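The chain contents come next:
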Amino acid sequence: MTQEIKRILESVPDPEIPAVSVVDLGIVRDVSAERVLITPTYTGCPATLAIEQMIRAALDAHGFGDVTIETTLSPPWSTDWISDAGREKLRAYGIAPPPKGAGASALKNAEAAECPHCGSMQTEEVSRFGSTPCKALWRCKACAEPFDRFKCH
Amino acid sequence: MENALPPLAAYAARFGDDSLILGQRLGEWCGHAPALEVDLSLSNVALDLIGQATHFLGLAGAIEGAGRDADKLAFHRDVMDFANCLLVEQPNGDFAQTIARQFLFSHYQALLFEQMAQVKDERFAAIAAKALKEVNYHATLASDWVVRLGDGTDESKARMVAGLDWMWRFADELFVMDDVDVAAIAAGAGVDKAALRAAWDARVDAVLAEATLARPAARRPIVGGRVGRHSEHLGHVLSEMQFLQRAYPGASW
């Protein structure tokens, strides 16, 4: 039953970045037959409530109306919790994923991002914030394309 | 104050009020910032702050145990019941003045949350640990702009100096300790804010040096926000922020 709930959650997309699921992003922290434990990415992310509602709707639609959803703040969400599959999906969607382990690194966002279009490391930051709290706006100096970077967090 | 919160709830509400009012102030820039990138930055910082406010005010309401949630505390208290520091309610002024306020406040918040993330009370520690990562990003953003404006053109430098000069007199209040702080420390939830001052000075001075700016002259500090003695500005902030719930109590959509 836990496995089935997990499979359902893997089909729930992030409302802001529908290319990845709430499981890929590491928002789902734990699943049991009684409850799903989730954590917000950013305290002010406007999608937090939408995510909970979408998970609720998916559970209800599959007959898991009794499964509760709980939210925890601790330990705080990190981009290191994004799955390898999730990183690849982000890249294919045109968003530079945070390198694995970068959330805990002191360098964090000081390191150049890899262009998701051409793979070049000759990139620069345009804006520290982008279209959502979790992204910054970057530009590739090799292929001249702008791109979103998922901030290391 | 008839709606006075019990001490530990009041302690949580202070941080909620700081974040709420600054978030509201930054929200005033939405659609008005000098460039799209700046508009996005200020609005996103505002979102983080309002998220923090939701957590701290929610905690304050839970500790009080009288059925008030974060929205109730945000929209149904009057000016004198707000315990935010005077710095965050200061007007946006020009972009440099807004950055000056953010610079002084974000470095304070970063140091505060570093300590609060380690207190015994897990409710406070969890919010602080969560917010710390975001606040560090805000502090870097504000510091970058202080350097860019301070070490920029004659015009940008003059504005950065004026902005810092306006905000500086409200910095001392951030580190003032009172009975509520002492009680919170005894309860395993509080931080010795006075002990943060030296580290704050060092961080601020390092950025000012890089920005080729002198530290503003010491002024007589202005305090009182923590006990509800606010500047005229806060009432105007609330009149806009609380309008809907005042005009249509309990409205939801």
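The rules behind these values
- Residues numbered from 1 in each chain as written.
- Chains lettered and ligands numbered in written order.
- Predicted model: local features only at pLDDT ≥ 70, side-chain atom pairs only at ≥ 80, totals over all residues.
- Helix = DSSP H or I, 4+ residues; strand = E, 2+ residues; numbered from the N terminus.
- Rg over C-alpha atoms; globule rule 2.2 N^0.38 Å.
- Contact = placed C-beta atoms within 7 Å.
- Expected span 1.5 Å × (residues − 1).
- Buried ≥ 20, exposed ≤ 12 C-beta atoms within 10 Å, placed from the backbone.
- Nonpolar A, V, L, I, M, F, W, Y, C, P; charged D, E, K, R; others polar.
- Pairing = 2+ DSSP bridges.
- Core = buried A, V, L, I, M, F, W, Y, C linked by C-beta atoms within 7 Å.
- Axes fitted to C-alpha atoms, helices over the stretch in contact; angles between N-to-C directions.
- pLDDT = per-residue confidence, 0-100.

Q: Can you help me understand the overall build of chain A in this one?
A: The secondary structure content of chain A amounts to three helices and seven strands. Taken from the N to the C terminus, the helices and strands of chain A come in the order α-β-β-α-β-α-β-β-β-β. A compact globule built from 153 residues would reach a C-alpha radius of gyration of about 15 Å, and chain A, at 16 Å, matches this within 12%. Each of the three principal axes of chain A carries a C-alpha extent, and together these read 50 × 25 × 25 Å. Counting contacts in chain A only where the partners sit at least 6 residues apart, residues at least 24 apart contribute 53% of the total.

Q: What's the story with helix 1 (residues 7-27) of chain B in this structure? I'm lost.
A: The periodicity of an α-helix, 3.6 residues per turn, causes residues three or four places apart in sequence to face the same way. Compared with the 30 Å implied by 1.5 Å per residue over 21 residues, the 30 Å span of helix 1 of chain B between its first and last C-alpha is a close match. Summarising burial for helix 1 of chain B: 19 of the 21 residues are buried, a large majority.

Q: Even after reading the chapter, I still don't get the interface of chain B and chain A, so can you show me in this structure?
A: Frequently, the measure chosen for interface size is the accessible area that the parts lose on association. Each partner contributes residues to the interface: chain B has 20 residues there, and chain A has 15 residues. Taken together, the elements giving at least two residues each to the side of chain B that touches chain A come down to helix 2 (36-64) and helix 6 (122-150) of chain B. With eleven residues, the top contributor of residues to the side of chain B that touches chain A is helix 2 of chain B. Counted by class, the side of chain B that touches chain A contains nine nonpolar, five polar and six charged residues.

Q: Sorry if this is basic, but what is going on with helix 2 of chain B here?
A: Residue and element names in this part refer to chain B. Here helix 2 contains 29 residues, and its C-alpha end-to-end distance of 41 Å stays within 8% of the 42 Å for a straight helix at 1.5 Å per residue. Of all the 29 residues making up helix 2, 21 are buried; the element is thus mostly covered by neighbouring parts of the structure. Count one or two residues on from helix 2 and you reach Gly65, which has phi positive near 70 degrees.

Q: What should I look at first to understand the sheet that holds strand 4 (residues 95-96) of chain A in this one?
A: For sheets, the rule is that strands pair by backbone hydrogen bonds, running either parallel or antiparallel. Residue and element names in this part refer to chain A. Overall, mixed pairing links the four strands, which are arranged 4-7-6-5 in an open sheet. Each edge of the open sheet is held by one strand with a lone partner, namely strand 4 and strand 5 (123-127). Of the strand pairs in this sheet, strand 6 (residues 135-140) and strand 7 (residues 146-150) are connected by five bridges, and their pairing is antiparallel. Bridging from a neighbouring strand, Arg139 pairs with Pro146 of strand 7.

Q: What is the right way to read the nonpolar core from this model?
A: Taken as a class, soluble globular proteins show a tendency for nonpolar side chains to be buried jointly. Within the largest apolar cluster, 77 residues are counted, with the highest numbers of intra-cluster contacts made by Ala12, Ala13, Phe56, Leu57, Ala60, Leu87 and Ile99 of chain B. Not counting chain neighbours up to four residues away, the residues in contact with Ala13 of chain B comprise Leu5, Phe56, Leu57, Ala60, Leu73 and Ala83 of chain B. Core analysis: the second largest hydrophobic core is formed by 34 residues, Leu9, Val31, Cys134 and Ala136 of chain A among them.

Q: Help me understand the environment of Asn92 of chain B, please; the structure alone is not making it clear to me.
A: All names here are of chain B. One can find Asn92 in the loop between helix 4 (86-89) and helix 5 (95-116). Residue class for Asn92 comes out partly exposed when judged on the 14 C-beta atoms lying within 10 Å of it. Here the alpha-carbon distance between Asn92 and Ala46, two residues 46 residues apart in the chain, equals 13 Å. Once residues lying within four places of it in the same chain are set aside, the contact partners of Asn92 are Arg25, Glu28, Trp29, Gln97 and Thr98.

Q: Just to check I follow, could you spell out the sheet that holds strand 1 (residues 28-31) of chain A for this structure?
A: All names here are of chain A. The mixed open sheet is built from three strands, whose spatial order is 1-2-3. Looking at strand neighbours, the two that pair on one side only are strand 1 and strand 3 (68-71), the edges of this open sheet. Neighbour-to-neighbour, the strand axes of this sheet turn through a mean angle of 25 degrees, independent of strand direction. Where helix 1 (residues 2-9) meets the sheet, it contacts strand 1 and strand 2 (35-38), and its direction lies at approximately 155 degrees from that of strand 1.

Q: Whenever I open this one, the confidence of the model for chain B confuses me. Can you help?
A: The predicted coordinates ought not to be read in detail in places where the model reports low pLDDT. On average, residues of chain B score 96 in pLDDT, and 99% of them reach the 70 mark or higher. What the predictor reports for the complex is a pTM of 0.94 with an ipTM of 0.89.

Q: So what exactly am I meant to see when it comes to unusual backbone geometry here?
A: Leaving glycine out, the prevailing phi sign among residues is negative, and the prevailing peptide bond configuration is trans. The step from Ser74 of chain A to Pro75 of chain A runs through a cis peptide bond, and the omega angle for that step is -5 degrees. On the secondary structure map, Pro75 of chain A appears in the loop between strand 3 and helix 3 (84-93). Not every positive phi belongs to a glycine, and Thr212 of chain B is a case in point at roughly 55 degrees. In this structure, Thr212 of chain B sits in the loop between helix 9 (197-210) and helix 10 (232-241).

Q: Whenever I open this one, the environment of Gly225 of chain B confuses me. Can you help?
A: All names here are of chain B. Topologically, Gly225 is positioned in the loop between helix 9 and helix 10. What makes Gly225 buried here is the crowd of 26 C-beta atoms within 10 Å. Each C-alpha atom of the pair Gly225 and Asp172 lies 12 Å from the other, and the pair is 53 residues apart in sequence.

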